[in-house]
Amino acid sequence: MRSLSTAEFRKTKVCPSAQILLLYQEASLTETRRRRVAAHLSGCDFCGAEMQLLSTHRPSMATQAAASELRPIPAALRRLAEDLLSHPVRALAIFAEISFDREPLTLTDA
């Protein structure tokens, strides 16, 4: 995948929907559509990340049915996600802080 600025890390009008990405995963698309989605995934960091998310956390049927009712992500949360995704070292440091706060190391861990 190519490197993008956070301003470009977003779903655009040409991006396939999450439903299409799920159908792509299930190999339920026509050959032409499958090739089109594969070509898009090779050049779109956002859809590649969405595909990884969908692979890891497949939505339930209830979630899929409610997908049309989803609201836009809050601006502050979007900025945080974009900041973390654009600065992987910082994201790792934040993750380390969160993990340490939850499970502090003991002398036996050393």
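Above this text sits the structure in question.
The model shown is predicted, which means the values in this text are computed figures rather than measured ones. (Residues numbered from 1 in each chain as written. Predicted model: local features only at pLDDT ≥ 70, side-chain atom pairs only at ≥ 80, totals over all residues. Heavy atoms only, no water.)

### Topic: the overall build of the protein
Each helix and strand counted, the protein has six helices and zero strands in total. The order of α-helices and β-strands along the protein, N terminus first, is α-α-α-α-α-α. On the protein, roughly 8,600 Å² of surface is accessible, and the fraction owed to carbon and sulfur atoms is 61%. (Helix = DSSP H or I, 4+ residues; strand = E, 2+ residues; numbered from the N terminus. Areas by Shrake-Rupley, 256 points an atom, 1.4 Å probe, with all protein chains shown as cover.)

### A look at the side chain of E50
Here E50 is to be found in helix α3 (residues 45–56). At a separation of 2.5 Å, a polar atom in the side chain of E50 contacts the side chain of K11. The residues contacting E50, other than those within four sequence positions of it, are K11, A18 and L21. (Polar contact = N/O pair within 3.5 Å; in protein donor to acceptor, adjacent residues only side chain to side chain. Contact = heavy atoms within 4.5 Å.)

### Thoughts on unusual backbone geometry
Most peptide bonds adopt trans geometry, and most residues besides glycine take a negative phi value. Its identity is not glycine, yet A27 carries a phi of approximately 60°, on the positive side. Note on placement: A27 falls in the loop between α1 (18–25) and α2 (31–43).

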